[in-house]
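# Examination of the molecular architecture
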Amino acid sequence: MRIFLTKFLAFLRKDIKIALSYKFNIILQIILIVFIISLIFFSAISSDDAGLKDSEFFKILVGITLIDFMFSSMSVFSREVRLAQTYGTFEALILTKTSILTILLSSYALTFSRSILRILIYILISKFIFGVDIALSNIPIFLALVTYNCIPFVGIGLFAAAFIILFKVGNVISFFVAISSIFFSGIFFSLDAMPENFVNISNNLPLSIGLEIAEQALLNNFDFNEAFPDLLKVLYMSLFFISTGILLVYYSLKEAKKNGNLNYY
């Protein structure tokens, strides 16, 4: 564990140095966040009912943060594999004493930190610029719930990395999972008019579960006992997707070594 943490922090320091070298990109991200929040806020404020306005704003705000985290969780592994194969360094990484899982998980360090920072910026801008009633004491449990509900997407990210190692094609798995998750989440439109089967699918997706629970945490009406069955669903999905993703990564590496195509994309 100590060796893993040392390598994990080394990857994080390396990625932070690279990220800080693109200072203008950081400014652009902050401007984009302000624009998105402004769009959400002024769309919600058109309602005459203040309670409805706050409810809609919170729902879309939490949905955007979850989607941000979801895309980050699913895309980082496949992106690192694709870049390493494009630059011809993937085989060199595999031949080191560092396991492929350590390399992939360490590549997630900066992405995770950046996602948390973006969520904090979303919340702080909403509170101090737009005057939204958010209790700062709720932020830690909100962040914990967002992170927890996105763990299944980390497993799906491993699926995507295995797919790229094996078939040398784009990240189609993450694309279809993301599109279907957003569609069935009910973030941007109500599922009430949808067939019952669609509602059942929505109720069992980590993005939909995370939306409801995280929104409750931010509004200070989160009840752990009430949310426990949904949290248990996410735990089962996390265990299944993470373990299956790990197996698929090792299987894809084994097959790629047989075919001799590790080092190209």
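### Some details on the overall build of the protein chain
- Secondary structure summary: the protein chain contains 11 helices and zero strands in total.
- Counting the 265 residues in the protein chain, one finds 43% classified as buried.
- Across the protein chain, the fraction of contacts at a sequence separation of at least 24, relative to all contacts at a separation of at least 6, is 78%.
- Here the protein chain displays about 14000 Å² of accessible surface, and carbon together with sulfur accounts for 68% of that area.

### Examining the environment of Leu207
- With respect to the helices, strands and loops of the structure, Leu207 is situated in helix α10 (residues 206-218).
- Residue classification places Leu207 among the buried residues on the basis of a relative accessible area of 1%.

### What to know about the pattern of salt bridges
- Under the definition given, this model contains two salt bridges.
- Note that Asp68 and Arg118 form a salt bridge whose closest N and O atoms lie 2.7 Å from each other. Of this pair, Asp68 sits in helix α3 (residues 50-87) while Arg118 sits in helix α5 (residues 100-128), placing them 50 residues apart in sequence.
- Residue class for Arg118 comes out buried when judged on its relative accessible area of 14%.
- Lys233 serves as the salt-bridge partner of Asp230, at 3.8 Å between the closest nitrogen and oxygen. Of this pair, Asp230 and Lys233 both sit in helix α11 (residues 224-259), three residues apart, which is roughly one turn of that helix.
- By relative accessible area, which is 30% here, Lys233 ends up partly exposed.

### Regarding the layout of surface pockets
- Its boundaries defined by the atoms lining it, the second largest pocket holds a volume of some 350 Å³.
- Looking at the second largest pocket, it is lined by 15 residues, and the ones nearest its centre are Ser185, Ser202, Asn203, Ser208 and Glu212.
- Breaking the lining of the second largest pocket down by element, the ones donating at least two residues are α9 (196-203) and α10.
- With five residues, the top contributor of residues to the lining of the second largest pocket is α10.
- Across the lining of the second largest pocket, the residue classes break down as four nonpolar, six polar and five charged.

### What to know about the nonpolar core
- In this structure, Met70, Phe77, Phe142 and Leu207 are the most contacted members of the largest nonpolar core, which totals 60 residues.
- Taken together, the elements giving at least two residues each to this core come down to α2 (23-44), α3, α5, α6 (139-149), α7 (151-167), α8 (172-185), α10 and α11.
- When near neighbours in sequence (up to four residues on either side) are disregarded, Phe77 contacts Leu104, Leu105, Ser107, Tyr108, Val154, Gly157, Leu158 and Ala161.

### Notes on the packing of aromatic side chains
- Applying the stated criterion across every chain, the model contains six aromatic pairs.
- With a centroid separation of 5.4 Å and an interplanar angle of 75°, the aromatic rings of Phe175 and Phe176 are classed as edge-to-face.
- Relative to Phe241, the ring of Phe240 lies with its centre 5.3 Å away and its plane at 65°, an arrangement referred to as edge-to-face.
- Among the aromatic residues, those joined into a cluster by ring pairs are Phe159, Phe240 and Phe241.

### Re α11
- With 36 residues, α11 should reach 52 Å at 1.5 Å per residue; the first-to-last C-alpha distance of 50 Å fits that figure.
- Maximum bend of α11: about 30°, positioned at Asp230.
- Buried within α11 we find Ala227, Leu231, Val234, Met237, Ser238, Phe241, Gly245, Val249, Ser252, Leu253 and Ala256.
- Two or three places before Asn225, at the opening of α11, Asp223 has a side-chain oxygen 3.1 Å from that residue's backbone nitrogen.

Cut-off values and rules
- Residues numbered from 1 in each chain as written.
- Predicted model: local features only at pLDDT ≥ 70, side-chain atom pairs only at ≥ 80, totals over all residues.
- Heavy atoms only, no water.
- Helix = DSSP H or I, 4+ residues; strand = E, 2+ residues; numbered from the N terminus.
- Buried < 20%, exposed > 50% of the residue type's maximum accessible area, 1.4 Å probe, protein only.
- Contact = heavy atoms within 4.5 Å.
- Areas by Shrake-Rupley, 256 points an atom, 1.4 Å probe, with all protein chains shown as cover.
- Salt bridge = Lys/Arg side-chain N within 4 Å of Asp/Glu carboxyl O.
- 1 Å grid on protein atoms, 1.4 Å probe; cavity = no way out; pocket = protein on both sides within 12 Å on 5 of 7 lines; lining within 4 Å.
- Points joined across faces, edges and corners; volume = space filled by probe spheres on them.
- Nonpolar A, V, L, I, M, F, W, Y, C, P; charged D, E, K, R; others polar.
- Core = buried A, V, L, I, M, F, W, Y, C linked by side-chain atoms within 4.5 Å.
- Phe/Tyr/Trp six-rings, centres within 6.5 Å; stacked < 30°, edge-to-face > 60°.
- Expected span 1.5 Å × (residues − 1).
- Bend = angle between axes of the 7 residues up to and from the residue.
- Polar contact = N/O pair within 3.5 Å; in protein donor to acceptor, adjacent residues only side chain to side chain.

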